Amino acid sequence: MEQNGGWARLTLNRPGKLNSVNAQMRAELAEALAAVDGEENIRALLITGAGRAFCAGQDLQEREIAPGGEAPDLRRSLREGYNPLIWKIASMPKPVVCAVNGVAAGAGVSLAMACDFVFAAESARFVMAFCGIGLVPDSGATWFLPRAAGLPRARAMMMTGEPVDAKTAAQWGMIYRCVADGELAEQSETLAAKLARAPTSALGRIKRLLIEGEENSLPRQLEREAEEQGEAGRGSDYAEGVRAFLERRPADFTGR
Ligand code: T3D
């Protein structure tokens, strides 16, 4: 992980295995996400992959079962490994940008979709590879994908495993933006840097409200908005934002 001013870049770095996730990477990811969450000076996170892939999901070499051998405990792997990572990203009270630099497959798609802004290079593709190995989509894919792309498209991706290119993913609403390969780094970094100067606490509250809004009734959500707004209105960034507006100058937010 590298820190750049107010934001950090986390690079999935097993390019020879298309950044597939093994136990060590899972542990390192958990550690890095906890560090980002706990560090007040990091106000935005950018996640990307090294080499030609973003992430090919679970490392299948770790899952080879010898004939007659014992099946791995995938429920445990998800509960203890993947699910906490996905929830950490989705619930982190600071913005997370994802730069999908190449193919994303299996839990690699889920990981991207847990982020708040997903850029993808034009040459990238999204593969719900789970059914290709006899599994169901996991790590939040069945939650994120139908909400973003709609049920018919999500179902087709999940039940056929056919790749979806980045341009189509953007048209379907699965991702924020498809950009030229040569512009991926610059565009995603520019947004991360901009978000690092944003009113972080308010952005965290927005994330929370949007997640809760998936479950709440309108009256409940109105009440939750009032609660969060009450807190936001006591923040120093609100006072600064209003002052800056009235003084016709850019706001200098501290994130609080
Ligand atoms: O297990 C649990 O804990 C439950 C959680 C599960 C979450 C999951 O993610 S399950 C889904 C696992 N992922 C997959 O099924 C994807 C498997 N990979 C692919 O389908 C393809 O590799 C890709 C579509 C991602 C890319 O295809 P392509 O043609 O561009 O590359 P390739 O030639 O298939 O792969 C290049 C190398 O990466 C190759 O190694 P080699 O021959 O050069 O030494 C290939 O074996 C390796 N690789 C790709 N994906 C994985 C992998 N090695 C281990 N695990 C992988 N997932």
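Parameters and conventions
Residues numbered from 1 in each chain as written. Predicted model: local features only at pLDDT ≥ 70, side-chain atom pairs only at ≥ 80, totals over all residues. Heavy atoms only, no water. Core = buried A, V, L, I, M, F, W, Y, C linked by side-chain atoms within 4.5 Å. Buried < 20%, exposed > 50% of the residue type's maximum accessible area, 1.4 Å probe, protein only. Helix = DSSP H or I, 4+ residues; strand = E, 2+ residues; numbered from the N terminus. Pairing = 2+ DSSP bridges. Axes fitted to C-alpha atoms, helices over the stretch in contact; angles between N-to-C directions. Phe/Tyr/Trp six-rings, centres within 6.5 Å; stacked < 30°, edge-to-face > 60°. Lys NZ or Arg CZ within 6 Å of the ring centre and 35° of its normal. Parallel < 35°, antiparallel > 145°, perpendicular 65-115°, else oblique. Left-handed = near helix turned anticlockwise from the far one by under 90°. Contact = heavy atoms within 4.5 Å. Nonpolar A, V, L, I, M, F, W, Y, C, P; charged D, E, K, R; others polar. Arc of directions from axis to C-beta. Near = heavy atom within 4 Å. Polar contact = N/O pair within 3.5 Å; in protein donor to acceptor, adjacent residues only side chain to side chain. Areas by Shrake-Rupley, 256 points an atom, 1.4 Å probe, with all protein chains shown as cover.

J.: What am I meant to see in the nonpolar core here?
T.: Note on soluble globular proteins: their nonpolar side chains tend to be buried together. Core analysis: the biggest nonpolar cluster contains 50 residues, and F54, V100, F126, L145 and M174 have the highest contact counts within it. For this core, the leading source of residues is helix α2 (residues 74-91), giving six residues. If you look at the next biggest cluster of nonpolar residues, it comprises 15 residues, including L46, L191, A198 and L203.

J.: Even after reading the chapter, I still don't get the sheet that holds strand β5 (residues 96-100), so can you show me in this structure?
T.: Sheet strands pair via backbone hydrogen bonds, and the direction of the pair is either parallel or antiparallel. In space, the six strands of this open sheet follow the order β1-β2-β3-β5-β7-β10, with mixed pairing throughout. The open sheet terminates on both sides in strands that have one partner only, identified here as β1 (2-4) and β10 (177-179). Each strand axis lies, on average, 20 degrees off the axis of its neighbour in the sheet, ignoring direction. Where strand β3 (residues 44-49) meets β5, four bridges bridge the pair, whose relative direction is parallel. Within β5, the position partnered with I47 by the bridge is C98.

J.: What is the right way to look at unusual backbone geometry in this model?
T.: Trans peptide bonds make up most of the peptide bonds, and negative phi angles are found at most residues other than glycine. Phi is positive for L18, which is not a glycine, with a value near 50 degrees. Mapped onto the fold, L18 is located in the loop between β2 (7-12) and α1 (23-38). For L18, a relative accessible area of 23% corresponds to the partly exposed category.

J.: Could you clarify how one ought to interpret the packing of aromatic side chains in this entry?
T.: Both the distance between ring centres and the angle between the ring planes are used here to describe each pair of aromatic rings. Counting across every chain of the model gives three aromatic pairs. Residues F117 and Y176 carry aromatic rings whose centres are separated by 5.4 Å and whose planes lie at 75 degrees to one another, so their mutual orientation is edge-to-face. Here F117 is found in strand β7 (residues 117-121), whereas its partner Y176 is found in the loop between α6 (166-171) and β10, with 59 residues between them in sequence. Assessed through its relative accessible area of 37%, Y176 is described here as partly exposed. Residues W143 and F144 carry aromatic rings whose centres are separated by 5.4 Å and whose planes lie at 85 degrees to one another, so their mutual orientation is edge-to-face. Of the residues examined, F144 reaches a relative accessible area of 13% and is grouped as buried. An aromatic cluster is defined as three or more aromatic residues linked by ring pairs; in this entry it consists of F117, F119 and Y176. For the cation-ring pair, R147 lies above W143, with the distance from its terminal atom to the ring centre recorded as 3.9 Å.

J.: Could you clarify how one ought to interpret the packing of α1 against α2 in this entry?
T.: Relative orientation and spacing of two packed helices are given, respectively, by the angle between their axes and the distance between those axes. Where α1 meets α2, the axes come as close as 10 Å, and the angle between the chain directions of the two elements is 25 degrees. Here α2 runs roughly parallel to α1, going by the angle between their axes. Once α1 is placed against α2, the crossing between them reads as left-handed. Across from R26, L29, A30, L33, A34 and D37 in α1, the residues of α2 making contact are G81, Y82, L85, K88 and I89. A class-by-class count of the residues in the contact of α1 with α2 yields seven nonpolar, one polar and three charged.

J.: Sorry if this is basic, but what is going on with helix α5 (residues 151-160) here?
T.: For an α-helix the count is 3.6 residues per turn, leaving residues at separations of three or four pointing the same way. Residues of α5 that are buried: A154, M157 and M158. For α5, the angular spread of buried residues about the axis comes to 95 degrees, placing them on one side. Relative to its buried face, α5 has exposed residues pointing more than 90 degrees away, namely P152 and M159. In the core, the buried residues of α5 are packed alongside β8 (125-127), α4 (141-149) and β9 (164-165). Looking one or two residues past α5, G161 carries a phi angle of roughly 70 degrees, positive in sign.

J.: How should I be thinking about the site of the ligand in this particular structure?
T.: What surrounds the ligand is a group of 22 residues, the closest being Q58, L60, R63, S77 and A107. Taking S77, its side chain carries an N or O atom lying 2.4 Å from an oxygen atom of the ligand. A107 places a polar main-chain atom, nitrogen or oxygen, 2.8 Å from an oxygen atom of the ligand. For the ligand, whose accessible area on its own is 1,100 Å², the fraction buried by protein is 69%.

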